[in-house]
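Structural overview
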Amino acid sequence: GRTETLLEVNNIEVIYNHVILVLKGVSLTVPKGGITALLGGNGAGKTTTLKAISSLLRSERGEVTKGSILYRGQRVQDLDPAELVRMGVIQVMEGRHCFEHLTIEENLLTGAYTRSDKGQIAADLEMVYSYFPRLKERRRSQAGYTSGGEQQMCAIGRALMSRPETILLDEPSMGLAPQLVEQIFEIVRAVNENEGVTFLLAEQNTNVALRYAHYGYILESGRVVMDGPAAELRENPDVKEFYLGMS
Ligand code: ATP
């Protein structure tokens, strides 16, 4: 049957501080059950796009000044970010953002704040540990003393604890060794396949993102310059030359 569209971004423009035009008409579609990648270099507008979707722009003096963002057909711009979490959309921010003074397990439990069923929360914790055995080993460690890879896992695990339908994942590879990057993406794929969680991920590492995503959008200076199924983008000569570092 036809795939259901969860998220629809229509021609949005984003301005910071009333004057800095950063997104100049970005459109994209995220189908239910897919992994969609938002690609592009430093400053292309990937993070801004994710924050526009999750209503996190306001705290940065950013504003969607044109276009619309729909989740399940409902207009979501200007919503309270917590409202979006209740609708099933959660963002994992760039740079991980674990609570350094809490243990890994306490961090994970903060992700379940919208829920109260203790049995279900315990089951979800086990679900998260099944994807991240490393977090289980480290569950009593203070997050601030764990490695960058463990903190990235912790941030994704915490997002999973809210039982989201969609995760907006910002730059999961940032600062991680290649082998760990691969490991994180393997887990993203497993969560996508086994839990049916939909992903929209922003990534500068085009090479790895296009191996795990189903569909990709390439942003340059606040515009989508190319989009297509990941397998096609991987074979595209321009993508190879400019983003995959080969020609
Ligand atoms: P990166 O991988 O570096 O995060 P990106 O593609 O995610 O890159 P954005 O972070 O969305 O890009 O930034 C896009 C542009 O918006 C950049 O030129 C950046 O300087 C600018 N920008 C981002 N945040 C703000 C802000 N709060 N105020 C003003 N300009 C901003």
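This text follows the structure it describes.
Let me begin by describing the structure that accompanies this report. Computed from a prediction, not measured in an experiment: that's the story for all the values here. (Residues numbered from 1 in each chain as written. Predicted model: local features only at pLDDT ≥ 70, side-chain atom pairs only at ≥ 80, totals over all residues. Heavy atoms only, no water.)

**Some details on the overall build of the protein**
- Assigned secondary structure in the protein consists of 10 helices and 10 strands.
- A compact globule built from 247 residues should have a C-alpha radius of gyration of about 18 Å, and the protein, at 18 Å, falls within 12% of that.
- Taken along its principal axes, the extent of the C-alpha atoms in the protein is 45 × 40 × 40 Å.
- Within the protein, the proportion of its 247 residues that are buried is 49%.
- When contacts within the protein are restricted to residue pairs at least 6 apart in sequence, long-range pairs at least 24 apart make up 68% of them.
- When the accessible surface of the protein is summed, it comes to about 11600 Å², and 48% of that surface belongs to carbon and sulfur atoms.
- Taking the average place of the 26 positive charges on the side chains of the protein and the average place of its 31 negative ones, the gap between the two points comes to 3 Å. (Helix = DSSP H or I, 4+ residues; strand = E, 2+ residues; numbered from the N terminus. Rg over C-alpha atoms; globule rule 2.2 N^0.38 Å. Buried < 20%, exposed > 50% of the residue type's maximum accessible area, 1.4 Å probe, protein only. Contact = heavy atoms within 4.5 Å. Areas by Shrake-Rupley, 256 points an atom, 1.4 Å probe, with all protein chains shown as cover. Lys, Arg positive; Asp, Glu negative; His and termini not counted. Charge placed at Lys NZ, Arg CZ, Asp CG, Glu CD.)

**Let's talk about the site of the ligand**
- In the vicinity of the ligand there are 16 residues, among which N42, G43, G45, T47 and T48 approach most closely.
- In the model, an oxygen atom of the ligand is placed 2.8 Å from a nitrogen or oxygen of the G45 main chain.
- One of the side-chain nitrogen or oxygen atoms of K46 is found 2.9 Å away from an oxygen atom of the ligand.
- When the ligand is considered free in solution it has 630 Å² of accessible area, and contact with the protein chains removes 69% of it.
- Among the elements of the structure, strand 2 (20-31) and helix 1 (46-53) are those that each provide at least two residues to the shell around the ligand. (Near = heavy atom within 4 Å. Polar contact = N/O pair within 3.5 Å; in protein donor to acceptor, adjacent residues only side chain to side chain.)

**Regarding the nonpolar core**
- Counting 48 residues, the largest nonpolar core has F132, L135 and I167 as its most contacted members.
- Setting aside anything within four residues of it in sequence, one finds L135 in contact with I104, L108, V128, Y129, E150, M153 and C154.
- Counting 28 residues, the second-largest nonpolar core is a separate cluster that includes V9, L28, V30 and A52. (Core = buried A, V, L, I, M, F, W, Y, C linked by side-chain atoms within 4.5 Å.)

In short, geometric facts, not functional conclusions.
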